[in-house]
Amino acid sequence: LRHEARLSCVHLKLSPGLGFSHPAGAVQHQPRMETLGEELAVFKGGDGSRDWNYPFELCGTLYRSALIREVVSQIKSSGGVEGGLSHPNRLEVAGNTVYSRALGEQAGASSSR
């Protein structure tokens, strides 16, 4: 993230070839990717489905700290503790709402290992 300003996050659990979503029990559409060095595949957020279109999650994704501060600030201002900060699942739902708006045109990256 430090060396690639266009990336908003790195998803450590996603990798090229991940075509089935186990939580959904269904096939998922993988976004178009380009490689970044030997270890990362870069994709535009919102171009995939299921796991590939769940940008804010608490299980193995690295985010820019400024973005997380903004997401938490917006969650606090729109309901805070009762809304999105009282439970990890609620945080993911609220975070996805806020993060998707903030994401705009930034790209995500996934580990190819």
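Described in the following lines is the structure provided in the data block.

Cut-offs used in this document
Residues numbered from 1 in each chain as written. Predicted model: local features only at pLDDT ≥ 70, side-chain atom pairs only at ≥ 80, totals over all residues. Heavy atoms only, no water. Helix = DSSP H or I, 4+ residues; strand = E, 2+ residues; numbered from the N terminus. Buried < 20%, exposed > 50% of the residue type's maximum accessible area, 1.4 Å probe, protein only. Contact = heavy atoms within 4.5 Å. Areas by Shrake-Rupley, 256 points an atom, 1.4 Å probe, with all protein chains shown as cover. Polar contact = N/O pair within 3.5 Å; in protein donor to acceptor, adjacent residues only side chain to side chain.

### Section: the overall build of the protein
Point 1. Helices and strands together make up the secondary structure of the protein, namely 3 helices and 7 strands.
Point 2. Here the protein holds 113 residues, and 35% of them are scored as buried.
Point 3. Sequence separation of at least 24 residues holds for 67% of the intrachain contacts in the protein that already meet a minimum separation of 6.
Point 4. Surface summary for the protein: the accessible area is close to 6,700 Å², and the carbon and sulfur share equals 53%.

### Describing the side chain of Glu57
Point 1. Looking at where Glu57 falls in the secondary structure, it is placed in the loop between strand S5 (40–44) and strand S6 (61–63).
Point 2. Among the residues examined, Glu57 registers a relative accessible area of 4% and is labelled buried.
Point 3. Separated by 2.7 Å, the side chain of Glu57 and the backbone nitrogen of Cys59 make a polar contact.
Point 4. What Glu57 contacts, discounting residues up to four positions off in sequence, is His11, Lys13, Tyr63 and Glu92.

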